[in-house]
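Fold and contact review
Chain by chain, the residues run as shown.
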Amino acid sequence: MYTFVLACLLCTQPAPLTVVSPDFEDGGYIPSRFTCDGDDVNPTLLINGIPQGTKSLVLIVEDPDATITTFTQWLVWNIPPMERIGENTVPGVQGMNTVGKNPYRGPCPVAGSQRYVFRVLAIDRLLNLDAGARRHDVEKAISGHVLASGELFGEYNRTIAEGETVKE
């Protein structure tokens, strides 16, 4: 019995991933170049704490403040376990975002300020999904395979001038 208790005390869970960006601080404002008002390219992400046994990373960028449902801005999987995802890169296989497209779609609130989450998950397998798969397919495929995860939050404030149209 004491051996079991000691063994359980020594058991550890993988530490959460740390996800940061040199382009904006956690909880800070996302520069417009990474939005629909700028170049609409992904920012650089730095990932620390990738656990041993990680076969690939999954990246989900979402807008939890969207009016009807959480808006998926970008979905990428089978990213090699790397500590840096560079600006304006496609590090793995891209899935379908909420507007039915595969590439990164940066923050683009209709008006005002909204939060955006850059979520990275370390998983113990490669996903056998075709490019363009939907988020629920990715979530189903990673269920039970997530070793660690981390998030970076950013905010983008957009004011629509009278008569201006919103970019799609």
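Notes on the structure follow. (Residues numbered from 1 in each chain as written. Predicted model: local features only at pLDDT ≥ 70, side-chain atom pairs only at ≥ 80, totals over all residues. Heavy atoms only, no water.)

1. Regarding the overall build of the protein
Tallying secondary structure elements over the protein gives two helices and nine strands in all. Secondary structure elements of the protein, listed N to C terminal, follow the sequence α-β-β-β-β-β-β-β-β-α-β. Counted over contacts in the protein with a minimum sequence separation of 6, partners at least 24 positions apart contribute 70%. Element-wise, carbon and sulfur atoms account for 53% of the exposed surface of the protein, whose accessible area totals about 9,300 Å². (Helix = DSSP H or I, 4+ residues; strand = E, 2+ residues; numbered from the N terminus. Contact = heavy atoms within 4.5 Å. Areas by Shrake-Rupley, 256 points an atom, 1.4 Å probe, with all protein chains shown as cover.)

2. What to know about the pairing of strand E8 (residues 112–123)
Of all twelve residues in E8, nine are buried; the element is thus mostly enclosed. Inspection of the sheet shows strand E4 (residues 56–63) paired to E8 by seven bridges, in the antiparallel sense. Considered in E8, the bridge of Leu59 is made with Val120. When E8 meets strand E9 (residues 146–158), the two strands line up antiparallel, connected through twelve bridges. Bridge pairing links Ala122 to Ala148 in E9. (Buried < 20%, exposed > 50% of the residue type's maximum accessible area, 1.4 Å probe, protein only. Pairing = 2+ DSSP bridges.)

3. Focus on the packing of aromatic side chains
Each aromatic ring pair is characterised by the separation of its centres together with the angle its planes make. This model, assessed by the stated rule, comprises two aromatic pairs. Judged by centre distance (5.7 Å) and plane angle (50°), the ring pair of Phe24 and Phe118 falls under tilted. Linking Phe24 in the loop between strand E1 (18–20) and strand E2 (28–29) with Phe118 in strand E8, this pair joins segments that are 94 residues apart in sequence. Here Phe24 matches Phe118 in class, with each residue buried. Ring centres of Trp74 and Tyr104 lie 5.3 Å apart, and the angle between their planes is 85°; on these two criteria the pair is classed as edge-to-face. Taken together, the residues Trp74 in strand E5 (residues 71–79) and Tyr104 in the loop between strand E7 (93–94) and E8 connect sequence positions 30 residues apart. (Phe/Tyr/Trp six-rings, centres within 6.5 Å; stacked < 30°, edge-to-face > 60°.)

4. With respect to the side chain of Asn42
Tracing the chain through its elements places Asn42 in the loop between E2 and strand E3 (45–48). With a relative accessible area of 4%, Asn42 lands in the buried category. Within the structure, Asn42 has its side chain in polar contact with the backbone oxygen of Gly86 (distance 3.0 Å). (Polar contact = N/O pair within 3.5 Å; in protein donor to acceptor, adjacent residues only side chain to side chain.)

5. Describing the pattern of salt bridges
Close approach of charged atoms allows side chains with opposite charge to pair. Considering all chains together, one arrives at eight salt bridges under this definition. Between Arg119 and Glu62 there is a salt bridge whose closest N-O contact spans 3.0 Å. With a gap of 57 residues between them, Arg119 in strand E8 and Glu62 in strand E4 connect regions that are remote in the sequence. No difference in accessibility class separates Arg119 from Glu62, as the two residues are buried. Salt-bridge contacts for Arg135 lead to Glu139; the nearest nitrogen and oxygen are separated by 2.8 Å. Taken as a pair, Arg135 and Glu139 lie in helix H2 (residues 135–142) at a separation of four residues, close to a single helical turn. Judged by relative accessible area, Glu139 falls into the partly exposed class, the value being 37%. Each of Glu62, Arg119, Arg135, Glu139 and Glu151 takes part in one network of salt bridges that share partners. (Salt bridge = Lys/Arg side-chain N within 4 Å of Asp/Glu carboxyl O.)

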